[in-house]
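Topology and contacts: notes
Okay, here's what each chain looks like letter by letter:
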Amino acid sequence: MTEHTVTPPAAAPAALPFAEFVILLAFMVSITAMATDIMLPALDLIGSELGVTDPNDAQLVVSTLFLGFALGQVLAGPLSDSFGRKPVIYGGYMIFLIGCALSLWAQNWEVMIAGRVLQGLGAAAPRIVTLALVRDRHAGREMARIMSVVMAVFILVPMIAPAVGQLVIGISGWRATFAVLMAMAVVASLWLALRQPETLPPPARRAFSPQVIGTGLAEIFASRIAIGYTVATGCIFGAFLSYLSTAQQIFQQVYDAGPLFAVYFGIAALAIGSASVVNSMLVMRLGMRLLIRSAMIGIIVTSALFAVPTLSAGGIPPFWLFMVWLLTVFFCNGILFGNLNAIAMEPLGHIAGLGAALVGSMSTFIALPLAWYLGHLFDGNVLPLVAGFGGLATAALGASLWAERGSSKG
């Protein structure tokens, strides 16, 4: 009778449990975030050891990572639409490991920067394809709920990364920070390979060709929602990146925090972490748009009010007042990032990889020159940072209002 037995088709891989799915994505994103700032406490040491003369140029260790990051997203998204999510993530981690190795053994500034660009190029794949992975399985407010947690990790980890880096640097020197990043990438790759099923089956994949990509780009640029909220994301991220680039100088040079830099840097993370919890509880009831506008207005008003004592104090207000402003602004940022990305991706579910690539790369390309400009305005006071947050939040609010013309969504 065995000759008549029909072998049933292989069952589709079971979806990863919701909690593990979110934790895995958060861990993958945390590697990009950790790569941003784990070496911040050693920026001066890295610069002096590798021959940097202008102290502000040490900020390039942060900003060049995002240059590679922006370039990598352009390719990672379309490739994941054509070849599947997981293979592209694996390729990204390979490039990331090569970049870490270059920085680990760098003997001059040029090799360090090349390694950082490669790290960003490789990190773009897991970071941007993570957004597509979520969009493959979820949409709307449910996607916003997940992304509020994932994006909070992306913003939260750079806050605690200096404390981790300070510990690693104290034990083994600044080069060991890149070894930590390599170990995290290996763990993430194995976890993804063993536990997460592919979310884009072959029948749903799109051909990788200039024509297909061009058609997708035209569709994205025709969407006011996608473009408007991407511009808003870029403005908000530009202000935040300018903080990441100048934080070490502000805390250690302006406020003479010394080794407490990592502690104060980490305290600011509490605001973002609490915002992600609040957002996950409120977004299903209040909607993404109301939360976004409230947070943007919060940044604008808080920065305008804080500018008054900042100006009267010659750009260096009391430290406690600076921390109150910073925690408030960061709470608002914690509300914004997940919701902004989720709305920008709303019309792009059928081209999630390409959509995620454009949203991510375009917002980063907008953020980079803004952050570079604000970072190089630093001259021993916090006024450029305050003006940057307030001004760019105003621009982001304008972009989001433009995007919503004719829309009644909430």
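Residues numbered from 1 in each chain as written. Predicted model: local features only at pLDDT ≥ 70, side-chain atom pairs only at ≥ 80, totals over all residues. Heavy atoms only, no water.

**Topic: the overall build of the protein chain**
Looking only at helices and strands, the protein chain features 14 helices and zero strands. Along its sequence from the N terminus, the protein chain presents helices and strands in the succession α-α-α-α-α-α-α-α-α-α-α-α-α-α. Taken over the C-alpha trace, the protein chain has a radius of gyration of 21 Å; the compact-globule value for 410 residues is 22 Å, and the two agree within 12%. In terms of principal-axis extent, the alpha carbons of the protein chain reach across some 90 × 55 × 40 Å. (Helix = DSSP H or I, 4+ residues; strand = E, 2+ residues; numbered from the N terminus. Rg over C-alpha atoms; globule rule 2.2 N^0.38 Å.)

**What to know about the confidence of the model for the protein chain**
On average, residues of the protein chain score 85 in pLDDT, and 92% of them reach the 70 mark or higher. This stretch, residues 1-12, has a pLDDT under 50; its non-local contacts, to residues over four places away or in other chains, come to zero contacts. (pLDDT = per-residue confidence, 0-100. Contact = heavy atoms within 4.5 Å.)

**With respect to the nonpolar core**
Judged by nonpolar contacts, the single largest core of 132 residues is most densely connected at Y243, F251, F322, W325, L326, F330 and F389. The element contributing the most residues to this core is helix α9 (residues 224-254), with 17 residues. Discounting residues that sit within four places of it in the chain, L326 has contacts with Y243, F251 and A268. (Core = buried A, V, L, I, M, F, W, Y, C linked by side-chain atoms within 4.5 Å. Buried < 20%, exposed > 50% of the residue type's maximum accessible area, 1.4 Å probe, protein only.)

**Considerations on unusual backbone geometry**
For D256, which is not glycine, the phi torsion reads 50° and is therefore positive. Looking at the element boundaries, D256 is found in the loop between α9 and α10 (261-286). Residue D256 is classed as exposed on the basis of its relative accessible area, which comes to 64%.

**Quick notes on the packing of aromatic side chains**
Per the counting criterion, the structure on display carries 20 aromatic pairs. Ring centres of F27 and W191 lie 6.0 Å apart, and the angle between their planes is 45°; this geometry places the pair in the tilted category. Of this pair, F27 sits in helix α1 (residues 18-37) while W191 is found in helix α7 (residues 176-195), placing the two residues 164 residues apart along the sequence. The ring of W402 carries R224 above its face, with NZ or CZ at 4.2 Å from the centroid. (Phe/Tyr/Trp six-rings, centres within 6.5 Å; stacked < 30°, edge-to-face > 60°. Lys NZ or Arg CZ within 6 Å of the ring centre and 35° of its normal.)

**With respect to α7**
With 20 residues, α7 extends 29 Å between its outermost C-alpha atoms, agreeing within 8% with the 28 Å of an ideal straight helix rising 1.5 Å per residue. Taken as a whole, α7 has its buried residues at A176, T177, F178, L181, M184, A185, A188, S189 and L192. (Expected span 1.5 Å × (residues − 1).)

**Re the environment of Y243**
With respect to the helices and strands, Y243 occurs in helix α9. Between the alpha carbons of Y243 and F178 there is a distance of 22 Å; along the sequence they are 65 residues apart.

**Some remarks on a nonpolar patch on the surface**
On the surface, L67, L71, V74 and F365 cluster together into a nonpolar patch covering about 320 Å² of accessible area. No other element matches the three residues that helix α3 (residues 60-83) contributes to the nonpolar patch. Along the chain, F365 turns up in helix α13 (residues 352-376). Residue classification places F365 among the partly exposed residues on the basis of a relative accessible area of 37%. (Patch = residues over 30% accessible without salt bridge, like charges linked within 9 Å, V, L, I, M, F, W, Y side chains within 5 Å. Areas by Shrake-Rupley, 256 points an atom, 1.4 Å probe, with all protein chains shown as cover. Salt bridge = Lys/Arg side-chain N within 4 Å of Asp/Glu carboxyl O.)

**Topic: the packing of α9 against helix α12 (residues 319-345)**
Packing of α9 against α12 brings their axes to within 10 Å, and their N-to-C directions diverge by 150°. It follows that α9 is roughly antiparallel to α12 by the angle criterion. Considering only the axes of α9 and α12, their crossing is left-handed. Contact with α9, carried on its side by I225, A226, Y229, T230, A232, T233, I236, F237, F240, Y243, I250 and F251, involves F319, F322, M323, L326, F330, N333, L336, F337, L340, N341, I343 and A344 of α12 and no other residues of that element. For the contact of α9 with α12, a count of residues per class yields 20 nonpolar, four polar and no charged. (Axes fitted to C-alpha atoms, helices over the stretch in contact; angles between N-to-C directions. Parallel < 35°, antiparallel > 145°, perpendicular 65-115°, else oblique. Left-handed = near helix turned anticlockwise from the far one by under 90°. Nonpolar A, V, L, I, M, F, W, Y, C, P; charged D, E, K, R; others polar.)

**Section: the pattern of salt bridges**
With the rule as written, the count across this model stands at five salt bridges. Here D81 makes a salt bridge to R85, at a shortest N to O gap of 2.8 Å. Residues D81 and R85 agree in their burial class; the two are buried. Look at the salt bridges and you will find they share partners, linking R289, E346 and E404 into a network.

**Quick look at the packing of α1 against helix α5 (residues 109-137)**
In contact at an axis separation of 10 Å, α1 and α5 are set at 155° when each is read in the N-to-C sense. Between α1 and α5, the crossing angle belongs to the class labelled roughly antiparallel. Crossing hand, α1 versus α5: left-handed. Contact with α1, carried on its side by F21, L25, M28, V29, T32, A35 and T36, involves R116, A123, P126, R127, T130, L133, V134 and R137 of α5 and no other residues of that element. By residue class, the composition of the contact of α1 with α5 is nine nonpolar, three polar and three charged.

**Looking at the environment of T177**
By the element assignment, T177 lies in helix α7. For the pair T177 and A275, spaced 98 residues apart in sequence, the C-alpha separation works out to 29 Å.

**Quick look at the state of the cysteines**
Counted by the stated rule, this structure contains zero disulfides. Free cysteine: C332, not disulfide-bonded; nearest cysteine sulfur from C235 at 16 Å. (Disulfide = S-S within 2.5 Å.)

**Examining the side chain of Q119**
With respect to the helices and strands, the residue Q119 is situated in helix α5. What makes Q119 buried here is its relative accessible area of 0%. With residues up to four places along the chain from it excluded, the contact list for Q119 reads L65, F96, G99, C100, S103, F178 and L181.

**Section: the side chain of Q249**
Positionally, Q249 belongs in helix α9. Assessed through its relative accessible area of 4%, Q249 is described here as buried. Leaving out residues up to four positions away in the same chain, Q249 has contacts with P55, N56, Q59, V254 and F378.

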